[in-house]
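Per-entry structural report
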Amino acid sequence: MTKRTKFVKVCNCTPKGDIRTMDVQVLNQLVDEQEAAIARETNPRKMAQRALELGDACMAAGCPMRAIQVWRAAAKRLEAMDYRWVYEPINPSFVRFSDLVSEKEAVTLGRRIDKAWHLLRHPEMATWARRMRVAYREMWLDKYYEALP
């Protein structure tokens, strides 16, 4: 007679590999580990991509507020990382300011936050995509305001 080992199911996935459900303790542990890794990331675009994937895992596991927290923290960190380019001298003949900052990724984070708020039936809280566009427009103005006619 063989001894049967019992397993605890912590994740349910589709055949494509998408997460359907996940145990909350496992999700919290995953989020804590990945947030620490995201905070150590020095490349803003990689940081945003990791945050998008982590938030998607939270949404798939049925924790939209946790996803909003992850995305919001990443959006704030991304904006702070990109703001350093305002004070760095760049030569516009060779590189554009928009090539150096991660506006596209920040707006994507904002859209995901807005979508999550709409799913939670709080459309009045869905202002992050617009907030990110305004922040990057102001960043551009901070950089080039003196050069405007």
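Residues numbered from 1 in each chain as written. Predicted model: local features only at pLDDT ≥ 70, side-chain atom pairs only at ≥ 80, totals over all residues. Heavy atoms only, no water.

1. Quick notes on the overall build of the chain
Of regular secondary structure, the chain possesses six helices and two strands. Mapped in sequence order, the helices and strands of the chain form the string β-β-α-α-α-α-α-α. Here the chain holds 149 residues, and 34% of them are scored as buried. When contacts within the chain are restricted to residue pairs at least 6 apart in sequence, long-range pairs at least 24 apart make up 60% of them. When the accessible surface of the chain is split by element, carbon and sulfur atoms take 53% of a total near 10200 Å². (Helix = DSSP H or I, 4+ residues; strand = E, 2+ residues; numbered from the N terminus. Buried < 20%, exposed > 50% of the residue type's maximum accessible area, 1.4 Å probe, protein only. Contact = heavy atoms within 4.5 Å. Areas by Shrake-Rupley, 256 points an atom, 1.4 Å probe, with all protein chains shown as cover.)

2. Considering the packing of helix H3 (residues 64-83) against helix H5 (residues 103-119)
Taken N-terminus to C-terminus, the directions of H3 and H5 make an angle of 155°; their axes are 9 Å apart at the nearest point. Overall, the two elements H3 and H5 adopt an arrangement that is roughly antiparallel. The way H3 lies across H5 gives a crossing that is left-handed. Listed contacts from H5 to Met65, Ile68, Trp71, Arg72, Ala74, Ala75 and Leu78 of H3 are Glu105, Ala106, Leu109, Arg112, Ile113, Ala116 and Trp117. Grouping the amino acids of the contact of H3 with H5 by side-chain chemistry returns eleven nonpolar, no polar and three charged. (Axes fitted to C-alpha atoms, helices over the stretch in contact; angles between N-to-C directions. Parallel < 35°, antiparallel > 145°, perpendicular 65-115°, else oblique. Left-handed = near helix turned anticlockwise from the far one by under 90°. Nonpolar A, V, L, I, M, F, W, Y, C, P; charged D, E, K, R; others polar.)

3. What to know about the pattern of salt bridges
Enumeration according to the criterion identifies four salt bridges in this entry. Between Arg50 and Glu41 there is a salt bridge, with its nearest N and O atoms 3.5 Å apart. In this structure Arg50 comes out as partly exposed when scored by relative accessible area, which is 29%. (Salt bridge = Lys/Arg side-chain N within 4 Å of Asp/Glu carboxyl O.)

4. Description of the environment of Met125
In this fold, Met125 is placed in the loop between H5 and helix H6 (128-144). With eleven residues separating them along the chain, Met125 and Asp114 place their C-alpha atoms 7.3 Å apart. The residues contacting Met125, other than those within four sequence positions of it, are Asp114 and Trp117.

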